[in-house]
Amino acid sequence: MLPQAPLQPLNLHWLTAAGIDVAILRLDLIDPLISGNKWFKLKHHLAAAKQAGAKGIISLGGAHSNHLHALAAAGRRFGFETVGLLRGHPVETPTVQDLQAFGMQLHWLGYAGYRARHDADFWTPWRERYPQLYPVPEGGGGLDGALGCGEIVRQARSQLSALGWDDYHGWWLACGTGTTLAGLVLAEGGQRRVYGAMAVPADHGVDGNVMDILGVEQGGYQLLDASRGGFAKTDPQLLAFIAQSEHESGVPLEPLYTGKALLALSQAVQAGTIARGTRLIFVHTGGLQGKRASSGL
Ligand SMILES: *Cc1c(COP(=O)(O)O)cnc(C)c1O
């Protein structure tokens, strides 16, 4: 078990001016190594692996993958074997160096090899090579990934009164696959709205993935484009906004997910689409480990 993520008031002048209360759930603080939403997405997969009698996990990701990073760190911490199948050709990123230091066995698939990950027979040779390992989809996705994220809702609710809140109106978070958002929607059961700031362009299929997990066409959530032209694309306005917000709030952000999600919130506030008196929980989904490659952190 990892400690609870702190729920903290988010102090930014544009929120105060608009009369909107935001608390930030700091998933980046649950652990120095196993950070962010990826731990929650892994929980049910790990339980399923244990149930299946597996000795560890095999999964996929890129050279900056927060998912593989959390998985490898968890394997090291809790003593299970991990294998990572990586996109592209060998590179030495800070993330990759950590994966190796945590004892994850790496295989580089090239780009075509990685694109084949959705093929029906993709896993066959890997199952033969690592029969003792349990395969987990890219990013820890699927229904199991979403169900683990219900814990995020419970952690936030248990801290409302300490914040002086009796209730809240909704959630705001960054989406990559939408799995975490789907988990919040399931846990809320339509009671409160979940706003997903998509860090990837609309053609990445977030909508379809969320609907696949929720099973039915369910309401209770709204997806907004926060990609700023592409995943991993940044621009001077975004970077200036992040620097200003970090300085004012004291909360560290990164430009791929959390920075884009907060900028999208500020734009929604500016556009007047969020009513005065609204109380929102902004989920800090972590990802700070990946920041080292771009900023020398
Ligand atoms: C993976 C990730 C996300 C996206 O999570 P999904 O469940 O794929 O939508 C958001 N923020 C950070 C920091 C991430 O690493």
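First things first, this report covers the structure right here in the doc.

Cut-offs and rules
- Residues numbered from 1 in each chain as written.
- Predicted model: local features only at pLDDT ≥ 70, side-chain atom pairs only at ≥ 80, totals over all residues.
- Heavy atoms only, no water.
- Helix = DSSP H or I, 4+ residues; strand = E, 2+ residues; numbered from the N terminus.
- Rg over C-alpha atoms; globule rule 2.2 N^0.38 Å.
- Contact = heavy atoms within 4.5 Å.
- Areas by Shrake-Rupley, 256 points an atom, 1.4 Å probe, with all protein chains shown as cover.
- Lys, Arg positive; Asp, Glu negative; His and termini not counted.
- Charge placed at Lys NZ, Arg CZ, Asp CG, Glu CD.
- Buried < 20%, exposed > 50% of the residue type's maximum accessible area, 1.4 Å probe, protein only.
- Core = buried A, V, L, I, M, F, W, Y, C linked by side-chain atoms within 4.5 Å.
- Polar contact = N/O pair within 3.5 Å; in protein donor to acceptor, adjacent residues only side chain to side chain.
- Patch = residues over 30% accessible without salt bridge, like charges linked within 9 Å, V, L, I, M, F, W, Y side chains within 5 Å.
- Salt bridge = Lys/Arg side-chain N within 4 Å of Asp/Glu carboxyl O.
- Disulfide = S-S within 2.5 Å.
- Near = heavy atom within 4 Å.
- Nonpolar A, V, L, I, M, F, W, Y, C, P; charged D, E, K, R; others polar.
- Pairing = 2+ DSSP bridges.
- Axes fitted to C-alpha atoms, helices over the stretch in contact; angles between N-to-C directions.

On to the overall build of the chain, then. Helix and strand counts for the chain stand at 13 helices and 10 strands. The C-alpha radius of gyration computed for the chain amounts to 19 Å, which stays within 12% of the reference 19 Å derived for 297 residues, consistent with globular compactness. The principal-axis extent of the C-alpha atoms belonging to the chain is close to 60 × 40 × 35 Å. Of the contacts formed within the chain by residues at least 6 apart in sequence, a portion of 71% connects residues at least 24 apart. Total accessible area computed for the chain in this model is approximately 13100 Å², and 52% of it derives from carbon and sulfur atoms. Charged side chains of the chain number 24 positive and 24 negative; the gap between the two group centres comes to 3 Å.

Inspection of the secondary structure puts Gly 139 in the loop between strand E6 (133-135) and helix H7 (142-148). With relative accessibility at 13%, the residue Gly 139 sits in the buried group. If sequence neighbours within four positions are ignored, Gly 139 has contacts with Lys 38, Lys 41, Leu 60 and His 67.

Here we come to the nonpolar core. Counting residues in each nonpolar core, the largest one holds 54 residues, and the members touching the most others are Trp 171 and Ile 281. A total of 6 residues in this core trace back to one element, the largest contributor, which is helix H3 (residues 66-78). In terms of nonpolar packing, the next biggest core, distinct from the first, is built from 30 residues, Trp 14, Ala 18, Ile 24 and Val 251 among them.

Right, let's talk about the side chain of His 107 for a bit. Looking at the secondary structure, you find His 107 in strand E5 (residues 105-108). For His 107, the side chain forms a polar contact with the side chain of Tyr 130, separated by 2.6 Å.

Next up on the list: a nonpolar patch on the surface. Nonpolar side chains collect at one region of the surface, where Leu 143, Leu 147 and Leu 186 lie side by side and expose about 230 Å² of accessible area between them. Along the polypeptide, Leu 186 turns up in helix H9 (residues 179-188).

One pass over the structure, following the stated rule, counts 0 disulfides. Not part of a disulfide, Cys 149 finds its nearest cysteine sulfur in Cys 175, a span of 11 Å.

Close to the ligand lie 15 residues, the nearest being Lys 38, Asn 66, Thr 177, Thr 180 and Thr 285. Side-chain polar atom of Lys 41 to an oxygen atom of the ligand: 2.8 Å apart, as the coordinates give it. Between the ligand and the protein, one listed contact pairs an oxygen atom with a side-chain N or O atom of Asn 66 at 2.7 Å. Protein chains bury 97% of the 390 Å² of accessible surface belonging to the ligand in isolation. The residue inventory of the shell around the ligand, partitioned by class, reads 3 nonpolar, 10 polar and 2 charged.

With parallel pairing, the 4 strands of this open sheet are ordered in space as E5-E4-E3-E6. Each having just a single partner strand, E5 and E6 make up the two edges of the open sheet. The mean inter-strand angle of the sheet, taken between neighbouring strand axes irrespective of direction, is 25 degrees. Pairing of strand E3 (residues 56-61) with strand E4 (residues 81-86) involves 6 bridges; the strand directions are parallel. Counted as the bridge partner of Ile 58 is Val 83 from E4. Sitting on the sheet, helix H4 (residues 94-101) touches E4 and E5, and the angle it makes with E5 is about 135 degrees.

Despite not being glycine, Arg 228 shows a phi value in the positive range, around 55 degrees. Within the element layout of this structure, Arg 228 appears in the loop between strand E9 (221-225) and helix H11 (236-249). The backbone phi angle of Ala 232 is positive, close to 70 degrees, even though this residue is not glycine. Structurally, the position occupied by Ala 232 is in the loop between E9 and H11. Ala 232 gets classed as partly exposed once you look at its relative accessible area, which sits at 45%.

According to the stated counting rule, one finds 13 salt bridges in the structure shown. Linking Asp 167 and Arg 192 is a salt bridge whose minimum nitrogen-to-oxygen distance equals 3.0 Å. Placement of Asp 167 in the loop between helix H8 (150-157) and strand E7 (170-175) and of Arg 192 in the loop between H9 and strand E8 (193-198) is noted, with a sequence separation of 25 residues between them. Among the salt bridges present, the one from Arg 228 reaches Asp 235, with a minimum N-O distance of 2.7 Å. Residue class for Asp 235 comes out buried when judged on its relative accessible area of 18%. Residues joined in a network through salt bridges with shared partners are Arg 157, Asp 167, Glu 188 and Arg 192.

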